[in-house]
Amino acid sequence: TATGFIDGAFIDRGMPPGSFPGMSKQRCEAWVRGHDELMVAAQQGMGADKITLSNNEDFSHVNARMFERFFVSDFDGNSYLADMLALQAEAKIPRVAEAHGEPCNTTVFNMTLAAFLIAAGDYSYYACTSGWDVSDGWLQWKPEYSKPLGEPLSEAVAIKTSAGFCIKPNSSRIADIDWTTAAEDYVIRNQIWSKAEEIFKHSGNSRHAVIHWMRKHQESISLEDMPVFGRKFSSGTCVTLDFTTSLPTSCIYWSDGTITGSPVCKMK
């Protein structure tokens, strides 16, 4: 980095494996400790002003993270909701985070972009490709990337129904999801969110405590109990993500009058 030609490092498959064939538990644990020390050394070697990005895993030792398959079968093993929670947690630090949608078919693009817009912070970035070759979409600039957005008017909100939230402002009572205060009744519909906020507040605002708990208990998350999330932006763009269906229904109502999302968005 001292040459000025290198200003960051991307550490692929940053997560340590759970085990190695033919290796004892003790030796595997020693390898993981060494891996953590290597991540620390990598950031220290790069310098605090350079980006050291870990793929697939959350390491506090580096200043950036990538979600390789954000919101859809991510390698971190998180559920839909846990991935959104993790991205919000990164934004609270704040830390650079890239949410990557893959494979980039229409369904994945619509869902991951909506989830990203709802959870993103100041240093959050988004991309959607179908692989890792240049020809897989890395040079493709989608029309949505140029649409008006503006600053978010609030954090994500939880609502009883997406009907009317974007089309008729103020028609539905909403409850801000505040990481430092208790959630209101709409969010309490989802006990996972309620518990996650409690853990965050009582752990000194530790994102690691929340993510660890979410990962440990994600098998108890029921899609049927998930609320609807929404977020509005200063340009007039509005986003909803409905978890009451088996596959989340995403709707992005852009301020220019266009819609990105499920066909049902046009009926709301």
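This structure is a prediction, so every number in the text was calculated from the model and none was measured.

A. Spotlight on the sheet that holds strand S1 (residues 8-11). Judged by pairing direction, the sheet is parallel, and its five strands sit side by side in the order S1-S2-S3-S4-S5 without closing on themselves. Of all the strands in the sheet, just S1 and strand S5 (124-128) have a single pairing partner and so form its edges. Strand-to-strand twist across the sheet, computed as the mean angle between neighbouring axes with direction ignored, equals 20°. Two strands pair when backbone bridges link them, and S1 and strand S2 (residues 51-55) are joined in this way by four bridges, in the parallel orientation. In the strand pairing of S2, Gly8 is matched with Ile51. The sheet contacts of helix H3 (residues 106-119) involve strand S4 (96-101) and S5, and relative to S5 the element is tilted by about 180°.

B. Focus on helix H2 (residues 80-92). For H2, with 13 residues, the first-to-last C-alpha span of 19 Å sits near the 18 Å given by 1.5 Å per residue. Burial within H2 is extensive, with 10 of its 13 residues counted as buried. Taken as a whole, H2 has its buried residues at Leu81, Ala82, Asp83, Met84, Leu85, Ala86, Leu87, Gln88, Ala89 and Glu90.

C. Quick look at the pattern of salt bridges. Inspection of the entire model under this criterion finds six salt bridges. Note that Arg65 is salt-bridged to Glu90, the shortest N-O span being 3.5 Å. One end of the pair, Arg65, is in strand S3 (residues 64-67); the other, Glu90, is in helix H2, and 25 residues separate them in sequence. The class for Arg65 is buried, based on a relative accessible area of 0%.

D. Up close: the nonpolar core. Judged by nonpolar contacts, the single largest core of 32 residues is most densely connected at Phe70, Phe71, Met84, Phe116, Leu117 and Leu241. When contributions to this core are tallied by element, the ones reaching two or more residues are H2, S4, H3, S5 and strand S9 (238-242). Examining the composition of this core, we find that 10 residues originate from one element, H3, more than from any other. If you look at the next biggest cluster of nonpolar residues, it comprises seven residues, including Phe165, Cys166, Tyr253 and Cys265.

E. View of the packing of aromatic side chains. Taken as a whole and judged by the stated rule, the model has 10 aromatic pairs. Centroid distance Phe116 to Tyr126: 5.5 Å. Interplanar angle 40°. Geometry classified as tilted. Separated by 10 residues along the polypeptide, Phe116 in helix H3 and Tyr126 in strand S5 bring together distant segments of the chain. Here Phe116 matches Tyr126 in class, with each residue buried.

F. Spatial organisation of the pairing of S9. Here S9 lies mainly inside the structure; five of its five residues are buried. Judged from the five bridges that link them, strand S8 (residues 228-232) and S9 form a sheet pairing that is antiparallel. Of the residues in S9, the one forming a bridge with Lys232 is Cys238. Linking two consecutive strands that pair antiparallel, namely S8 and S9, is a turn of five residues; a positive phi of about 105° is found at Gly236 within it. As defined by bridge partners, S9 adjoins strand S10 (residues 249-253) across five bridges and the pair is classed as antiparallel. The residue bridging Val239 from the neighbouring strand is Ile252, located in S10. Here S9 hands over to S10 after six residues, the two strands then running antiparallel side by side.

G. Examining the layout of surface pockets more closely. Of the voids in this model, the largest pocket is the one considered here, and its volume is about 700 Å³. Together, 32 residues line the largest pocket, and Phe116, Leu117, Ser124, Tyr125 and Leu149 are the ones closest to its centre. Elements that contribute at least two residues to the lining of the largest pocket include exactly H2, H3 and S5. Counting residues per element, the lining of the largest pocket draws most heavily on S5, at five residues. Classifying every residue of the lining of the largest pocket gives 19 nonpolar, seven polar and six charged.

Criteria and thresholds
Residues numbered from 1 in each chain as written. Predicted model: local features only at pLDDT ≥ 70, side-chain atom pairs only at ≥ 80, totals over all residues. Heavy atoms only, no water. Pairing = 2+ DSSP bridges. Helix = DSSP H or I, 4+ residues; strand = E, 2+ residues; numbered from the N terminus. Axes fitted to C-alpha atoms, helices over the stretch in contact; angles between N-to-C directions. Contact = heavy atoms within 4.5 Å. Expected span 1.5 Å × (residues − 1). Buried < 20%, exposed > 50% of the residue type's maximum accessible area, 1.4 Å probe, protein only. Salt bridge = Lys/Arg side-chain N within 4 Å of Asp/Glu carboxyl O. Core = buried A, V, L, I, M, F, W, Y, C linked by side-chain atoms within 4.5 Å. Phe/Tyr/Trp six-rings, centres within 6.5 Å; stacked < 30°, edge-to-face > 60°. 1 Å grid on protein atoms, 1.4 Å probe; cavity = no way out; pocket = protein on both sides within 12 Å on 5 of 7 lines; lining within 4 Å. Points joined across faces, edges and corners; volume = space filled by probe spheres on them. Nonpolar A, V, L, I, M, F, W, Y, C, P; charged D, E, K, R; others polar.

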